[in-house]
Structures are given as structure tokens and as C-alpha cells.
Amino acid sequence: MMENARVTSDPKGEYQELVDEISELLGAPATLENRDFELIAFGAYDSEGELDASALDPVRARSILTRRSTSAVRTWFEGFGIARATAPVRIPPTPAAGVHRGRVCLPVRHRGVVLGYVWLLSDDPGPTDQQLSAAMEVTPRIGALLADEAQAGADLSRELRAVLTAESGWQRDMALAELHTELGARGEGLHTMVCVAPWPSSHPDDAPSVRTIPSATAVCALPWGSTAQSLALLVRLRSPEVLTPATTAAARLLERAEGVRGSGRPQSYPAEPGPPGAHQQTGGTQGGRGPAQPPSKGGQGKDTGAAQAQPTDRPSEAEAARADEGSEGAGRTEAAGRTGAAGRAEGAGRTGAAGRTEGAGRSAAAVGAAGQAPEPHGPHPGRVVAGIAVPHSGLADLATAWQEASAAARAALAEPRLGPVAHWSSIGPYRLLTTLAPTASHDPAVRPLLAPAHRELAHTAEVFLDCAGQAGRTAAELGIHRQTLYYRLSRVEQLTGLDLANGEDRLLLHMGLKARRL
């Protein structure tokens, strides 16, 4: 069970008992979903003999199998006014929307706020008004349970956020003590952190429920940079070698992020300035465009619900030809390339470990046609990734785990080949680069190369360094002639004042080019 806080009973069992009670009152199996259409409990179907396929329809089957409904299904049903209803709502079958059987929806409220829905597949004539009235008398007990669970989840989110944003020392120690008290025995054992960023909404209704995230213990929202949001998820593990619970949870949240982006809600809410980890809350769920709009009549209302998502230094062919003819500039480049920077680096790459790596096949930027530089990397609007920390025992290292998870997410945003789900243990040099100050890429030697006009030269230099300085591999990776490569490398040395035959100069340039992505 994925509790949100300390409990003295079994909420999951209580939900099931109440759903079974309603199913008995109505004479048919019912299902309970929260207001985000995430399955909580469902009544059993008669198992005597073969199950009649007509007893289910695609929407009900998917809800039970995946424990949630799609954003399109949510939009469709909300169009019948169920979120405003205070009495049962009858919904007719609509095969075009995948709703092959009619339904009765019993809204679950607590203190006037809808927190969930009880669903019953129903064909004419369906349950009587007397049966529905008796079933509605059960829903307040369900609403009270949902409210208690939501409050417990909010409390735990607050404690987790406090741990991740507290200064080291007594403040963090106090926050950890509060979180450990809330979690109880669940605070022991192995955990990891998952960072999902940037989360596309801070709308309260988009807050993900921890009950729907496999193996999740707690979730909270934190600012991501100065204008975006991220989600921090605490995940329980059974073994340090098996991170499947974390990757599954990350995949679930990325799927949810897609639903949020399609919901039509504003996707960017200003956050307080600060690095990933500063305090502020947000959330996430589904939304989207429905397959069709429900009829304006019927149900409890006419609401249709949510809306149904530069110059470069690349030499021309003539320049390459002039290089082949041995012009003064090209001749110097060729000599430097064959006997100096590129040539010596290529030799070292062939005999050293770096030359045997897969760097050429996984260079930082995808190669465009005819060696053209791709668009600069870095955070792209609409792109959401997840980062996963290494396993940690207990709660004492949660701040470190969050730094690892957020670093992995930053790396995945900077380097698409690492994502959409990146593990801190697999992001290579970004483990160090993400610890540097944001101005690390502003080194005076590297800065001239980062100008927009020199984007292709920067790309060429980065691929050359990714390929361990091997000119042949670099030229093949870029799809250009070696003479063109030597020309570009000479221009890089002229702009930066660095010697590409010098290991320390190459390291400085490589770090600067990688750091700019962050």
C-alpha cells in the first residue's frame, strides 16, 4: 500500500469495503476513482462461468487494467457536469467515444468539494431511485477517507519539501526528524529520489496523487530555476541493484506531464527565483481534448468540460578547394592538423582508452546534414525529463539524493541522448559539470567560441573532443572532408587562443562547451 502518512488503519481496505457495500446495494459491481479519474477500488464481477465480454466496455477495462483513465475520457465525462453534481448522474452510452455502455456516476463529496466518483455500468432500466439514494448515503464516508488521505499527503509533502530546502545543520536535522516521524517505519530501508523537470503546470488540480505512483512514498513541488517548477519524488527500493521502481515511477510522471500539457491549462507559472531545490509548491495530472463533445442535454449540467497542446563559419566548397590547393591559410591549417593538434590527438586516440570509447557514436549533438551544426542544446520549452539518484539507506542523505536526481535531470535536458529518464550514475562528466557555478562556461578563452555566429565551429570542436581528438572519426561523424575539419580547428584555435595539442587546453575547452548546455 502506498500511504501518504502515518495511519492507524488500512485506508485501501476501507475503500474496498465501502465499494463492495455500494455494489451490493446497487446489485452490480461499482468502481471508485478519485477526482483525477485514478482508480482506487472496484467491485468484483461474478466469476461463475465465463465472463460476458459485454459486461465491460473499453473505457472500464482500461481503467481497471491501468488504474487510471485517459485525459480524453476525463474530459468526456466531466462534460456531463459530474464535478458540480450533488446527486447521481446518468450518462448514456456513446460508442463513438468508446463508451459502449451507459453509466451512473455518484459524486463523492466532502464539505461540498468533490473528491471522487463512484461508477456503475448500467443499462436501462438500471438501479431504482431508492437504490441510488441508499448508495449515495455511503459516499460521505468515502469522502471523509479521501479528505483525510489528501491532508496526510499534504503534510508529508510539506515535510519532504522542508528537508530538501533546509540549510545544512540544525534546520535540516529538525526537518529530517519531522519527516521521519511522519513516515514511521517507512522511513527506514533503501530510498532514491526522482526529479521530474520542468513540470508543465503549477495548477493545484494538476497535483499528482502519490497513491497512483508505483512505490512512491512522498511527492512535493520545488522551483526549477527562476520561472519553472519541478517535482521531487521519494521512492522506496527493495534492492540497491534494482532501480525498476524508480524508473517506473519516472515513466508514470512523464506520461502525466504529457496529459498536463494537453489539458489547455497555463503551462508556466512564475516561481520564486532560485536554483532547483528552493521552496515552492506545484503539482500535475491529466487533462486533454476529448474524442468528442457530449450532448448539451442530459446529466446534471450543460458544461462541456475542459477543452477538448544564424551566420556560421562553415567554409564553402570553394574554401575547401582552396585548402586542397595549398593556399597560405589552408596550408598552415593542414600542417597544424596533420602534425599538431588534430594529428597528435588522433594518434593518442588510436592508442589510448579514449579512442576505444563510443564517443563518436554518441557525440553531444546530433549531426545535421552535410556536417551542419544542430540547434544549440539546453532546456527546450515543452520537453520534460526525469533524473534518478543512486540508492541511499534511510533518510539522512535525502538532500544529496535530490542533488543527484536534479543533476541527472539537468543533464538529460542538456543532452537528449541521456533522457528522457537519466540515472545519475550514467551521466558521465555531467556529474561534475552540474556542480559548477552557472558562470563556468563563461571562461574568457571559451567565450568567443560560444557566440551565435560561431555555433558550427563550437559544434565541430565538441565533436572533435568527444571523438578523443581523432580527426578521421570526427570528419566521418560530421560528414565533412578532413581539410574542412582542419580549417575549422584552426579557426577554433585562433578564436580561443588554445592549443588543441595541449591536454589541459583541450580539457578546458571541452568542459566549457559541455557546461554551456546546462
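Let us now look at the nonpolar core. Core analysis: the largest hydrophobic core is formed by 36 residues, its most contacted members being Leu160, Leu164, Leu179, Met193, Leu234, Leu398 and Trp402. Those elements that provide at least two residues to this core are helix H5 (139-165), helix H6 (170-183), strand S6 (190-199), strand S7 (216-224), strand S8 (228-237), helix H11 (398-414) and helix H12 (430-433).

For the pair helix H13 (residues 455-466) and helix H14 (residues 471-478), interaxial distance at closest approach is 9 Å and the crossing angle is 130°. Taken together, the axis directions place H13 and H14 in an arrangement best described as oblique. Read as a crossing pair, H13 and H14 show a hand that is right-handed. When H13 is examined against H14, the residues His459, Thr460, Val463 and Phe464 are found in contact with a partner set consisting of Ala471, Thr474, Glu477 and Leu478. A class-by-class count of the residues in the contact of H13 with H14 yields four nonpolar, three polar and one charged.

Here we take up the pattern of salt bridges. Following the criterion strictly, the structure yields 12 salt bridges and no others. One continuous salt-bridge network, built from bridges that share partners, spans Glu415, Glu462, Asp466, Lys514, Arg516 and Arg517.

Okay, a nonpolar patch on the surface next. There is a patch of nonpolar side chains on the surface, built from Leu436, Leu507 and Met511 and spanning about 250 Å² of accessible area. Structurally, Leu507 can be placed in helix H16 (residues 503-515).

Counted under the stated rule, the structure contains five aromatic pairs. Relative to Trp119, the ring of Phe37 lies with its centre 6.0 Å away and its plane at 50°, an arrangement referred to as tilted. Of this pair, Phe37 sits in the loop between strand S1 (30-34) and strand S2 (39-42) while Trp119 sits in strand S5 (residues 113-121), and the two are 82 residues apart along the sequence. Take Phe37 and Trp119: they sit in the same class, and that class is buried.

In this section: the sheet that holds S1. Read from one edge of the open sheet, five strands run S2-S1-S5-S4-S3, paired in antiparallel fashion. Every interior strand has two partners, whereas the edge strands, S2 and strand S3 (89-91), have only one. Taking each pair of neighbouring strands and ignoring which way they run, the sheet shows an average axis angle of 25°. Bridge analysis of strand S4 (residues 103-110) against S5 gives eight bridges, and the strand direction is antiparallel. Residue pairing for S5: His110 is matched across the bridge by Val113. Each of S3 and S4 is contacted by helix H4 (residues 129-136), which is oriented at about 30° to S4, the strand it contacts most.

Thresholds, definitions, all that
- Along each chain, the written sequence defines residue order, and numbers are assigned to residues from 1.
- At least 70 in pLDDT is required for a residue's local features to be given in this predicted model, at least 80 for side-chain atom pairs to be given and counted, and no such filter applies to totals for whole chains, interfaces and linings, which use all residues.
- With hydrogens and water stripped out, all remaining heavy atoms of the structure feed into the side-chain values.
- The definition of a nonpolar core used throughout is a set of buried Ala, Val, Leu, Ile, Met, Phe, Trp, Tyr and Cys residues joined through side-chain atoms within 4.5 Å.
- The classification of residues rests on relative accessible area computed with a 1.4 Å probe and restricted to protein chains. Under 20% of the type maximum is buried, over 50% is exposed, and intermediate values are partly exposed.
- Each helix is a run of H or I in the DSSP string that is no shorter than four residues. Each strand is a run of E no shorter than two, and both are numbered from the N terminus.
- In this analysis an axis means a line fitted to C-alpha atoms, helices contributing only their contacting stretch, and an angle means the value between N-to-C directions, from 0 to 180 degrees.
- Should an angle fall under 35 degrees it is taken as roughly parallel, and over 145 as roughly antiparallel, whereas 65 to 115 is taken as roughly perpendicular and any remaining angle as oblique.
- If you view the pair so one helix is near and one far, a crossing is left-handed when the near helix is turned anticlockwise from the far one by less than a right angle, and right-handed when it is turned clockwise.
- Residues count as neighbours in contact if any of their non-hydrogen atoms are within 4.5 Å of one another.
- Residues are grouped as follows: nonpolar covers Ala, Val, Leu, Ile, Met, Phe, Trp, Tyr, Cys and Pro; charged covers Asp, Glu, Lys and Arg; every other residue, Gly included, is treated as polar.
- Just to be clear on terms, a salt bridge is a Lys or Arg side-chain nitrogen sitting within 4 Å of an Asp or Glu carboxyl oxygen.
- A patch consists of residues exposed above 30% relative accessible area that lack any salt bridge, with like charges linked at up to 9 Å and nonpolar side chains (Val, Leu, Ile, Met, Phe, Trp, Tyr) linked at up to 5 Å.
- Accessibility throughout is a Shrake-Rupley quantity obtained with a 1.4 Å probe, and a residue counts as covered only by protein chains that appear here.
- Paired rings are identified among Phe, Tyr and Trp, the last through its six-membered ring, by centres lying within 6.5 Å, and are further divided according to the angle between planes into stacked (under 30 degrees), edge-to-face (over 60) and tilted (the rest).
- Pairing between strands is defined by DSSP: at least two bridges between them are needed.

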